[in-house]
Amino acid sequence: MIMAGAEAIIESLKKEDVEVVFGYPGGAVLTLYDALYKANYNHVLTKHEQGAVHAADGYARATGKVGVCIVTSGPGATNLVTGIATAYMDSIPLVAITGQVAVSLIGRDSFQEADICGITTPVTKHNYLVKKVEELPRIMKEAFYIARTGRPGPVVIDIAKDVFAATLDYQYPETVRLRGYHPLFEGEPKAINQVIEEMKVAKKPLIFIGGGVNLADSAQVLRDLVNHTGFPVITTLMGLGSLPSDHPLNFGMVGMHGTYAANMATTECDLLLGIGVRFDDRVTGLINDFVSKAKVVHFDIDPAEINKNVLAEIRVVGDLRWSLPSLHQSTVSAKFDWKGQVELWVEKILKWQKEKPMTYEQNSEEIMPQSVILKVNELTKGEAIIVTDVGQHQMWIAQYFSFKEPRSLLTSGGLGTMGYGLPAALGAQTGCPHKNVFLFVGDGGIMMNCQELATAANYNLPVKILIFNNQVLGMVAQWQRMFYGGRYSHSRLKGHTDFVKLAEAMGVTGMRISKPSELEEILKAVIAVPGPVVVDIPIPETENVLPMVPPGARLDQMVMGGG
Amino acid sequence: MKKHTLAVLVENRPGVLTHISGLISRRAFNIESIAAGYTEEADTTRITIIVEADVIELEQVVNQLSKLIDVIKIIDLTGTDLIHRELALIKVKASSETRPDIVDVVHIFRARIVDVNPETMVIELSGEERKIDALCQMLNNHGIIEIVRTGKIALSRGPVPAKDC
């Protein structure tokens, strides 16, 4: 069928079942936007390109589909970089379509020209510059395939302006042919047998789950495995939700702000089954002493993750959709008394948990951030999509919210992007209109993309935005308090911004909780509002996130705290 | 740490070398030389990479490079029966007095003289790295003006091509 490049893109988006795109128009993509207009394609206009890419990312994390954003050349494209890097670090499937100046102008420092392929190469799974309209169908097909298969990730398609208007005989390819890309699904069954043998002799085994379990939608089989073996579980930040937080064998998050039980169990275990994890430095603490008593088994789809940070005795390379069911099946057919074998070990971890549970000092004068999280948890029964920004509130959420379902925590784990939360929450709400979406954000992070409050109002996206307002950059101030002699260099935010008025000015309901006694009542009122709400919640300035493994320390050298 | 010779087959497309060199630098891999060129297949480029690494690092280099969509195949040629060559062009000062001496050296090394003028000569030598190093050392006394080297390329002996390994 003969059509213009812009129409070919829209046809391809339809073929890929893209229900909505997030974007922002501009000179180089005018022809594409004209085609979107004519096709009446579902498009969410954000207020900044960074908002568009984070929204596409939040949409992808919440739905499991590929998130798509469209922006113009030059500054439009460069404004995506933080969002693309955020998605790359957390392996989120995105396709970012950027306009580029016309072919004849490329390389001449033309108006609004930026080499976005060059700029994004280190933070994309792959990228394309399209200069010939005939290449569009193949590249669109490949881009979506690459983004969603294997270890997912962002793909950039940079399209020269004249390609949108040029015509082609459109035919969408049925298959992709990429000589250098063959994502592995099934790995070595032999490796699974080896793991089973190690599991049989282990006295203190520990299952360690990461974001891969969420990404591979393998929560159910993980639950089956845990229930069958009775092996204790710890998680990374990105692994939260795969196993319900209140599962008796889930000992919570490990690492810098992990639970006492999880960090002690990791230090003492003799077999660590790492599943879809990448042994980030925030998890391992001092790397040389990480699991020094254990054999490490590493399950991952990406061979490059094996031995990158932690040496694995056994590697199980392959899709978790293959390896987890296979492992579970093998534990069943082994007819082995798994539970009996780990009984004493689980008791020991339970003892640690009882000794030092997650606690905080209650306060009748001031609203404690942990109490807000617990209250939201109670009022929603944990049935909500929780989105965070980055910093103290993010860690408190990880420590205190009781997650029930996979894909229920959306957070920038790898890159740690402040300003991620609000647009990501809008994307999640767009993809899941019937779910309750709560954004927890600090008074620092909200200001990094607060323009998107207007987007929330324009599309009436009923996200509930809880601002933990401590008048400081909380995590920065905590480090300054603990490691920099209390010199609060530029971390104090005390200003004149009234978040209630800011919300109202942009068409969002604004509320404030002033004292602990109002917490429940106002939160109930917030949840009852059919549209978006901003809630300004003053919290104490000097509250620390604890426990904390200081930088350069071992996991068992936690600074404890609480009441 | 050991030196490894990798043959990397990649799609012959613009931007591929950028992807590869960018990855090498951002992952801080210790690359000694990199040489690229066309192959018997029009759509394939072959890159020879010499990397200094222990076993674990080498595995990372291979696995990370393999992740690049445009990388078709990586073959570690280390330990196989190899022919490897590098080409060098050396411009050296040569007056009428010193020229016979330089010509002697060129003959000993089986190099070739490809340009002569009243003040300089350009010498071409292909061979293994050490041979080129040795020639450069010999010519140093005469005053080397500039050197250009291609970086090492390598091919296995026997009938099997790297792509079928």
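Calculation notes
Residues numbered from 1 in each chain as written. Chains lettered and ligands numbered in written order. Predicted model: local features only at pLDDT ≥ 70, side-chain atom pairs only at ≥ 80, totals over all residues. Heavy atoms only, no water. Helix = DSSP H or I, 4+ residues; strand = E, 2+ residues; numbered from the N terminus. Buried < 20%, exposed > 50% of the residue type's maximum accessible area, 1.4 Å probe, protein only. Pairing = 2+ DSSP bridges. Axes fitted to C-alpha atoms, helices over the stretch in contact; angles between N-to-C directions. Domains from an automatic or database assignment. Contact = heavy atoms within 4.5 Å. Buried area = accessible area lost by both parts, 1.4 Å probe. Salt bridge = Lys/Arg side-chain N within 4 Å of Asp/Glu carboxyl O. Polar contact = N/O pair within 3.5 Å; in protein donor to acceptor, adjacent residues only side chain to side chain. Left-handed = near helix turned anticlockwise from the far one by under 90°. Nonpolar A, V, L, I, M, F, W, Y, C, P; charged D, E, K, R; others polar. Right-handed = clockwise from strand over helix to strand, strands pointing away.

Caption draft 1: Layout of the overall build of chain B. Along chain B, the regular secondary structure elements total four helices and nine strands. Along its sequence from the N terminus, chain B presents helices and strands in the succession β-α-β-β-α-β-β-α-β-β-α-β-β. Over its C-alpha atoms, taken along the principal directions, chain B stretches across nearly 55 × 35 × 30 Å. Buried residues in chain B amount to 41% of all 165 residues.

Caption draft 2: Region of the structure containing the sheet that holds strand β13 (residues 295–300) of chain A. All names here are of chain A. The strand order across the open sheet built from six strands is β11-β10-β9-β12-β13-β14, with neighbouring strands paired in parallel fashion. Two strands lie at the open edges of the sheet, namely β11 (250–253) and β14 (314–317), each paired on one side alone. Each neighbouring strand pair of the sheet contributes to a mean axis angle of 15 degrees, computed without reference to strand direction. In this sheet, strand β12 (residues 271–275) lies alongside strand β9 (residues 205–209) in parallel orientation, the contact comprising five bridges. Bridging across to β12, Phe 208 finds its partner in Gly 274.

Caption draft 3: Focus on the sheet that holds strand β1 (residues 2–11) of chain B. Residue and element names in this part refer to chain B. An order of β2-β3-β1-β4 is seen for the four strands of this open sheet, with the pairing classed as antiparallel. At either margin of the open sheet sits one strand with a lone partner, and together these are β2 (31–38) and β4 (71–76). In this sheet, neighbouring strand axes are inclined to one another by 20 degrees on average, regardless of whether the strands run parallel or antiparallel. With five bridges connecting them, β1 and β4 associate as antiparallel partners. Considered in β4, the bridge of Leu 6 is made with Asp 76.

Caption draft 4: How the structure looks around the domain arrangement of chain A. Residues and elements named next belong to chain A. Here chain A is partitioned into domain 1 (2–169), domain 2 (189–355) and domain 3 (369–538). Taken together, the seven residues of domain 1 in the interface contact six residues of domain 2. For the pairing of domain 1 and domain 2, the buried interface totals around 580 Å² over both sides, and the portion due to carbon and sulfur atoms is 59%. At the boundary of domain 1 with domain 2, the tally comes to two salt bridges.

Caption draft 5: A look at the side chain of Thr 121 of chain A. Along the chain, Thr 121 of chain A falls in the loop between α6 (116–120) and β6 (126–130). There is a polar contact of 3.4 Å between the side chain of Thr 121 of chain A and the side chain of His 19 of chain B. If we skip the residues at most four places from it in the chain, Thr 121 of chain A touches Asn 127 of chain A together with His 19 and Arg 26 of chain B.

Caption draft 6: Inspection of the packing of helix α1 (residues 5–15) of chain A against helix α7 (residues 136–148) of chain A at higher detail. Residue and element names in this part refer to chain A. Where α1 meets α7, the closest approach of the two axes is 10 Å, and the angle between their N-to-C directions is 30 degrees. With respect to the hand of their crossing, α1 and α7 are arranged in right-handed fashion. Mapping the contact onto sequence places Gly 5, Ile 9, Ser 12 and Leu 13 in α1 and Leu 136, Met 140 and Phe 144 in α7. Per-class residue counts for the contact of α1 with α7 are five nonpolar, two polar and no charged.

Caption draft 7: Just the pairing of β6 of chain A, in detail. Residue and element names in this part refer to chain A. In terms of burial, β6 is largely enclosed, as four of its five residues are buried. Here five bridges tie β6 to strand β7 (residues 154–160), and the two strands are oriented parallel to one another. Bridge pairing in β7 links Asn 127 to Val 156. At this point the chain moves from β6, through α7, to the parallel β7, and the crossover so formed is right-handed.

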